Amino acid sequence: MTEPSPTSGPLFPRDRFWHPPAYTPGYKTSMTRAPSRPLVATNSTLSEETGPVFGHDMLGEQDNNLILNFTGQPAIGERIIVHGRVLDQSGRPVPHVLIEIWQANAGGRYRHKKDGYLAPLDPNFGGCGRTITDEHGRYEFLTVRPGAYPWPNGVNDWRPMHIHFGIFGSGFGQRLITQMYFEGDPLIPRCPIVRTIPSQEAIDSLVAPLDMNAGLPMDALAYKFDIVLRGRRQTMFENRMEGL
């Protein structure tokens, strides 16, 4: 059967209420970062569309294993598998996409000089990894469940457990950034950043459900996080609301 053309059929209308407004006083730093003038749309440049690109032969054997890829010794924390697919707006898999992730350690601390949280650093956890989707758009990471942590937004605001994702298109200039949360975390609805999103369906698209079928017995639980690049059911992205 012939695949339908991606340009045929009805257009996918944008739901402007899917994404948060730029100015949200509950998220303190949005008050200074929100644009004060009307936005101007510009076309992408040739360099954004054609490169630079990531050489797939640069991928290391342990790049998607955050438990071992920093020192070779196992990181401390609850071992988990994070997996899913990258899909287009019609549900078709997107192969050979570079995905980067970064996260706090099991105690809720990042390996960053500006992170002053009192939780200890894990000497064997770097907190970042990368992989490339296969021909069916699938990806997988082995990591530890990140801890929640306080942040100086309100008097006692905490970030839920989360993992940051960066998804690249045909070049580094085409990059989408989002966050994955964990099913059942009671801090999700309390988070000022999450509460800027007006659509509960959009929030739900950022929450990875527990996937017992993909876990490893006596080893690791699994969470499934599919990423939709565009369309009415796209994943909510922080840096480019329209998707790729």
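Above this note sits the structure.
Residues numbered from 1 in each chain as written. Predicted model: local features only at pLDDT ≥ 70, side-chain atom pairs only at ≥ 80, totals over all residues. Heavy atoms only, no water.

Asker: So, the overall build of the chain: which residues are in play, and what are the values?
Answerer: Tallying secondary structure elements over the chain gives 3 helices and 11 strands in all. Ordered by position from the N terminus, the helices and strands of the chain form the series α-α-β-β-β-β-β-β-β-β-α-β-β-β. For the chain, the accessible surface area stands at approximately 14,200 Å², while carbon and sulfur atoms represent 57% of it. (Helix = DSSP H or I, 4+ residues; strand = E, 2+ residues; numbered from the N terminus. Areas by Shrake-Rupley, 256 points an atom, 1.4 Å probe, with all protein chains shown as cover.)

Asker: Break down the side chain of N153 for me, citing the residues and quoting the values.
Answerer: Residue position: N153 is located in the loop between β5 (149–150) and β6 (158–159). Exposure remark for N153: the relative accessible area of 12% places this residue in the buried category. Here D157 takes part through its side chain, which lies 2.9 Å from a polar atom of the side chain of N153. (Buried < 20%, exposed > 50% of the residue type's maximum accessible area, 1.4 Å probe, protein only. Polar contact = N/O pair within 3.5 Å; in protein donor to acceptor, adjacent residues only side chain to side chain.)

Asker: Quick one: what's the story with the sheet that holds strand β3 (residues 128–132), residue by residue and with numbers?
Answerer: Strand pairing in a sheet relies on backbone hydrogen bonds, with the paired strands running either antiparallel or parallel. Strand order in the open sheet formed by 5 strands is β3-β2-β7-β8-β9, with mixed pairing between adjacent strands. Since the sheet does not close on itself, it has two edges, and those belong to β3 and β9 (207–208), each with one partner. Two elements, strand β2 (residues 98–103) and strand β7 (residues 162–168), share 5 bridges in a ladder whose sense is antiparallel. Its bridge partner lying in β7, E100 is registered against G166. (Pairing = 2+ DSSP bridges.)

Asker: Which residues make up the packing of aromatic side chains, and what values do they have?
Answerer: Overall, the coordinates contain 7 aromatic pairs when judged by the stated rule. Here Y27 and W151 contribute two aromatic rings whose centre-to-centre distance is 5.9 Å and whose plane-to-plane angle is 70°, an arrangement assigned as edge-to-face. Of this pair, Y27 sits in the segment before α1 (30–33) while W151 sits in the loop between β5 and β6, and the two are 124 residues apart along the sequence. Since its relative accessible area comes to 18%, Y27 is described here as buried. An aromatic cluster is built from Y139, F141, F165 and F225, whose rings are joined through pairwise contacts. (Phe/Tyr/Trp six-rings, centres within 6.5 Å; stacked < 30°, edge-to-face > 60°.)

Asker: Describe the pairing of β7, naming the residues involved and giving the relevant values.
Answerer: Of all 7 residues making up β7, 7 are buried, and the element is well covered by its neighbours. Of the two faces of β7, both are covered, the one formed by H162, H164, G166 and F168 as well as the one formed by I163, F165 and I167. As judged from the 7 bridges shared by β7 and strand β8 (residues 175–182), these two strands associate in the antiparallel manner. The partner of I167 across the bridge, within β8, is L176. The turn linking β7 back onto β8 is made up of 6 residues.

Asker: Please give an account of the nonpolar core that cites residues and values.
Answerer: Counting 31 residues, the largest nonpolar core has I99, Y139, F165, M180 and I227 as the members making the most contacts within it. When contributions to this core are tallied by element, the ones reaching two or more residues are β1 (79–87), β2, β4 (138–144), β7, β8 and β10 (221–224). Leave out the neighbours within four places in its chain, and Y139 touches V82, H83, G84, R85, I99, T131, T133, F165, F225 and I227. Counting residues in hydrophobic clusters, the runner-up holds 13 residues, among them Y27, A202, I203 and L206. (Core = buried A, V, L, I, M, F, W, Y, C linked by side-chain atoms within 4.5 Å. Contact = heavy atoms within 4.5 Å.)

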